Amino acid sequence: SLKRGGSSNAAAEITQQQFVLPPTLVGGISSVRFNSNGRFLFAATSSGEIAYAQETKGTYELRDIARLPTSEDIRSLTILAGGQTLIAKSVEGDLSSWTMATDSQENKQKLVNLHTFAGSVEAGNNISEIIASPRTRHFLKISNSAGSSLLELYYSTTGAKRLSWEFSGSALRTAIFSANG
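Residues numbered from 1 in each chain as written. Predicted model: local features only at pLDDT ≥ 70, side-chain atom pairs only at ≥ 80, totals over all residues. Heavy atoms only, no water.

A. Highlighting the sheet that holds strand S6 (residues 74-79). The four strands are arranged S6-S7-S8-S9 in an open sheet whose pairing can be described as antiparallel. Each of the sheet's edge strands pairs with one partner strand only, and the pair in question is S6 and strand S9 (108-117). When the angles between neighbouring strand axes are averaged without regard to direction, this sheet yields 30 degrees. As paired strands, strand S7 (residues 85-90) and strand S8 (residues 95-103) are joined by five bridges and run antiparallel to one another. Within S8, the residue paired with lysine 89 across the bridge is leucine 95. (Pairing = 2+ DSSP bridges. Helix = DSSP H or I, 4+ residues; strand = E, 2+ residues; numbered from the N terminus. Axes fitted to C-alpha atoms, helices over the stretch in contact; angles between N-to-C directions.)

Here it is as structure tokens:
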């Protein structure tokens, strides 16, 4: 378990935190993310698994393990506004959006796959960056190939593409949402 700690004399004491993932996870950890208030922890593996843990009374407890249908290596996780929806990027260039939802039969929160976005590696594009909107569940995807860049804006829950802008020249490295989202 991972324990959050603190003390009245924080300058003199360092609290060590440890979270032990269950042996049922097959791959090594490839990406770890916390939501903005630190209540939710997401850990992705090289075998396509996403472990979700929630802080309860100072300890992180494993709540669910979700798996990509293809068991691809997950290279990165991006948490979207609200802290309960995330984008997983696989080594093959596939993106998938996930959210926490309550399973009515088991009455517990689980990770649910909302949408899978087709990969772009086949087209010669390499996804270089995923940028989350600070206010909405939109995200930007930057893909680069020899001599051109592609910037796409998506809505995570429906998978709707809102913008696609291709341009030539040097590779686009980053983009940013305005403070208004």
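That shown, we press on.
B. View of the nonpolar core. Ranked by internal contacts, the top residues of the largest apolar core, which has 15 residues, are Phe42, Ile50, Ile74, Leu77, Leu86, Trp98 and Leu111. For this core, the secondary structure elements donating two or more residues are strand S3 (40-45), strand S4 (49-56), S6, S7 and S8. Here phenylalanine 42 is in contact with Ser31, Val32, Arg33, Ala51, Tyr52, Leu77, Ile79, Gly83, Leu86, Met100 and Leu111, once residues within four sequence places are set aside. (Core = buried A, V, L, I, M, F, W, Y, C linked by side-chain atoms within 4.5 Å. Buried < 20%, exposed > 50% of the residue type's maximum accessible area, 1.4 Å probe, protein only. Contact = heavy atoms within 4.5 Å.)

C. The arrangement of the side chain of glutamine 54 in detail. Along the chain, the position of glutamine 54 falls in strand S4. A polar side-chain atom of glutamine 54 sits 3.3 Å from a polar atom in the side chain of tyrosine 52. (Polar contact = N/O pair within 3.5 Å; in protein donor to acceptor, adjacent residues only side chain to side chain.)

D. Quick peek at the environment of arginine 39. Note that arginine 39 resides in the loop between strand S2 (29-34) and S3. Exposure remark for arginine 39: the relative accessible area of 34% places this residue in the partly exposed category. For the pair formed by arginine 39 and glycine 58, sequence separation is 19 residues and the distance between their alpha carbons is 9.4 Å. The contact partners of arginine 39, leaving out residues within four places of it in the chain, are Ala53, Gln54, Glu55 and Tyr60.

E. Summary view of the environment of aspartate 103. With respect to the element layout, aspartate 103 can be found in strand S8. In contact with aspartate 103, not counting residues within four places along its chain, are Lys108 and Lys110.

F. Seen up close, the packing of aromatic side chains. One pass over the full model with this rule turns up five aromatic pairs. With a centroid separation of 5.5 Å and an interplanar angle of 20 degrees, the aromatic rings of phenylalanine 139 and tyrosine 154 are classed as stacked. Placement of phenylalanine 139 in strand S11 (residues 138-145) and of tyrosine 154 in strand S12 (residues 148-155) is noted, with a sequence separation of 15 residues between them. Put simply, the rings of Phe40, Phe42 and Tyr52 touch in pairs and so form one group of aromatic residues. (Phe/Tyr/Trp six-rings, centres within 6.5 Å; stacked < 30°, edge-to-face > 60°.)

G. Region of interest: the pairing of S4. Among the eight residues that make up S4, seven are buried, leaving the element largely enclosed by the rest of the structure. Here S3 hands over to S4 after three residues, with glycine 48 in that stretch at a positive phi of 85 degrees. What sits between S4 and strand S5 (residues 59-67) in their antiparallel hairpin is a turn of two residues, with lysine 57 showing a positive phi close to 55 degrees.

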